[in-house]
Structure formats: structure tokens, C-alpha cells
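Chains, contacts and geometry: an overview
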Amino acid sequence: MTAYDPDNIFAKILRGEIPSTRVYEDDETLAFMDIMPRSDGHLLVIPKTPCRNLLDASPEQLASVMTTVQKLARAVVKAFDADGVTVQQFNEAAGGQEVFHLHFHILPRYEGVSVRPPGNMGDFDLIAEHAEKIKGALG
Ligand code: AMP
């Protein structure tokens with residue numbers, strides 16, 4: 001497998017070199033809003049330490065990331081009064097991965113409502129509003 005690239009966009013977000021709308025962080029993980037949200041409240045959870053994806057992640061990275069995924073999944077359901085939540089994760093280009101730092105997508109879902117198509121930039125003010133709602137639900 002290709003080596004981890006320390007200049008991938010999420011590594012830059014972790015180092016604060018490019019902006020992000022953060023909603024939660026602890027010693028091991030960070031959660032921030034996806035800039036192309038496929039549903040209102042779409043966010044990403046990543047480990048703070050380097051790994052490309054599920055295939056090279058350590059058990060410790062997975063344990064901490066999944067704990068944060070559950071925390072944020074519960075928070076978005078509460079914040080958006082969602083009927084459910086989709087957690088998505090892609091591995092390598094053939095598996096649909098575009099950014100090569102392990103990340104889990106969290107998408108609030110509603111009965112009978114499809115997610116929006118990929119690749120559309122979100123409205124930054126609206127994303128910031130949604131981030132505040134999620135932070136409020138985290139307590
Ligand atoms: P994938 O690797 O297929 O899971 O897709 C990468 C995801 O990262 C997409 O949903 C993008 O919208 C999202 N993304 C890309 N750049 C940024 C960024 N600078 N801030 C937040 N999300 C991003």
C-alpha cells in the first residue's frame with residue numbers, strides 16, 4: 001500500500017494550516033464539518049495520528065475514532081432530530097477514497113429522504129450554523 005502522505009488535506013487541517021469548522025476534539029481524535037455536505041450536519045471524524053485508512057490503522061486508532069464516531073452520531077441525531085444516521089468510510093481510490101487520512105463520514109438521515117449528490121460545495125454560514133447545533137447537542 002502507498003505510504004501515508006503527511007501533506008494530505010486532513011493532515012493540514014490537523015496542523016491548522018488550512019481552516020476547518022471543528023465540532024469536537026480530544027487527545028486522539030478530531031471531528032469537523034464536511035465542506036461538501038451530503039445532508040445537513042454531515043461531518044467527518046479522524047484520528048490525530050497518521051494513517052491512510054482502515055487497512056493500516058492500529059487497533060488503538062480504531063478504538064478511539066469509533067468512540068468519537070458514536071459520540072458524534074448520537075449528537076447529530078439529537079441536534080437535527082434525525083430518524084437515523086449513516087456512517088460511511090472508504091478505503092483506497094478503488095474503494096471510493098479521495099482524501100488519504102482515515103476518516104468516517106457521519107450523516108443525519110430521515111425516513112424516505114435520499115442524501116444529496118456528492119461534489120457540491122456547501123454554504124459556509126449554514127455549515128457554521130449546523131456545527132453550533134452539533135456542539136450544543138454534545139453538551
Ligand atoms: P472520501 O475520501 O471519498 O471519503 O471523500 C473526502 C471527503 O472530504 C469529501 O466528502 C469531501 O467533501 C471532504 N473534504 C475535502 N476537503 C475538505 C476540507 N478541506 N474540509 C472538510 N471536508 C473536506
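Residues numbered from 1 in each chain as written. Predicted model: local features only at pLDDT ≥ 70, side-chain atom pairs only at ≥ 80, totals over all residues. Heavy atoms only, no water.

1. Quick word on the overall build of the protein
We apply this condition: Starting at the N terminus, helices and strands are each numbered in turn, a helix being any DSSP run of H or I of at least four residues and a strand any DSSP run of E of at least two. Using C-alpha atoms as the atom set, the radius of gyration is obtained and then compared with a globule rule of 2.2 Å times the number of residues to the power 0.38. Throughout, exposure labels follow a simple rule: accessible area from a 1.4 Å probe, protein chains only, divided by the maximum for the residue type, with under 20% read as buried, over 50% as exposed, and the rest as partly exposed. Only the protein chains shown count as cover for residues, and the accessible areas themselves come from Shrake-Rupley with a 1.4 Å probe.
When its secondary structure is counted, the protein shows 3 helices and 5 strands. Across the protein, helices and strands are ordered from the amino to the carboxyl terminus as α-β-β-β-α-β-β-α. Over its C-alpha atoms the protein spans a radius of gyration of 14 Å, differing by no more than 12% from the 14 Å that the globule rule assigns to 139 residues. Principal-axis analysis of the C-alpha atoms places the extent of the protein at approximately 40 × 30 × 30 Å. Across the 139 residues in the protein, those meeting the buried criterion constitute 40%. A total accessible area of about 7,400 Å² is found for the protein, and carbon and sulfur atoms account for 54% of it.

2. Section: the pattern of salt bridges
Here is the rule: The term salt bridge refers to a pairing of a side-chain nitrogen on Lys or Arg with a carboxyl oxygen on Asp or Glu at a separation within 4 Å.
In the structure shown here, the tally under the stated rule is 7 salt bridges. Note that K135 is salt-bridged to E132, the shortest N-O span being 3.1 Å. One end of the pair, K135, and the other, E132, are both in helix 3 (residues 124-138), 3 residues apart, so they sit about a helical turn from each other. Exposure remark for E132: the relative accessible area of 48% places this residue in the partly exposed category. Here the residues in one salt-bridge network are D7, R15 and E17, joined through shared partners.

3. Remarks on the pairing of strand 5 (residues 104-109)
As a general feature of sheets, a regular strand has side chains that alternate between the two faces. In plain terms, the rule: Only when DSSP finds a minimum of two bridges between them are two strands counted as paired.
Where burial is concerned, most of strand 5 is hidden: 5 out of the 6 residues are buried. The sheet contact formed by strand 3 (residues 43-47) and strand 5 spans 3 bridges and is antiparallel. Note on strand 5: the bridge partner recorded for L44 is H105.

4. What to know about helix 3
As a reminder of what qualifies: To estimate the expected span of a helix, subtract one from its residue number and multiply by 1.5 Å. What the arc covers is the set of directions going from the helix axis to the C-beta atoms. Contacts between residues were defined by any pair of non-hydrogen atoms, one from each residue, lying within 4.5 Å.
For helix 3, built from 15 residues, the straight-helix expectation of 21 Å at 1.5 Å per residue is met to within 8% by its first-to-last C-alpha distance of 21 Å. Within helix 3, burial applies to I127, H130, A131, I134 and A137. All buried residues of helix 3 lie within an arc of 120 degrees about the axis, which places them on one face of the element. Set apart from the buried face of helix 3 by more than 90 degrees, the exposed residues are D125, E129 and G136. Here the buried face of helix 3 lies against strand 1 (22-25), strand 2 (29-33), strand 3 and helix 2 (59-80).

5. A few points about the nonpolar core
What tends to happen in soluble globular proteins is that the nonpolar side chains get buried as a cluster. Defined as follows: Among buried residues, those of type Ala, Val, Leu, Ile, Met, Phe, Trp, Tyr and Cys that are joined through side-chain atoms within 4.5 Å constitute a nonpolar core.
By size, the foremost hydrophobic cluster in this structure holds 22 residues, and its most contacted members are V23, L43, V45, L72 and I134. Broken down by secondary-structure element, the contributors of at least two residues to this core are strand 1, strand 2, strand 3, helix 2, strand 5 and helix 3. Looking at which element gives the most residues to this core, the answer is helix 2, with 7 residues.

6. Considerations on the side chain of H105
Rules: Identification of polar contacts relies on pairs of N or O atoms within 3.5 Å, with a donor-acceptor requirement for protein atoms, meaning one able to donate a hydrogen and the other able to accept it, and with residues adjacent in sequence counted only if both atoms are side-chain atoms.
Its location among the elements puts H105 in strand 5. Classification of H105 by relative accessible area gives buried; the value is 11%. Polar side-chain contacts of H105 include one of 2.8 Å to the side chain of H42. With residues near it in sequence (within four places) discarded, H105 still touches D34, H42, L43, L44, T86, V87, Q88 and F90.

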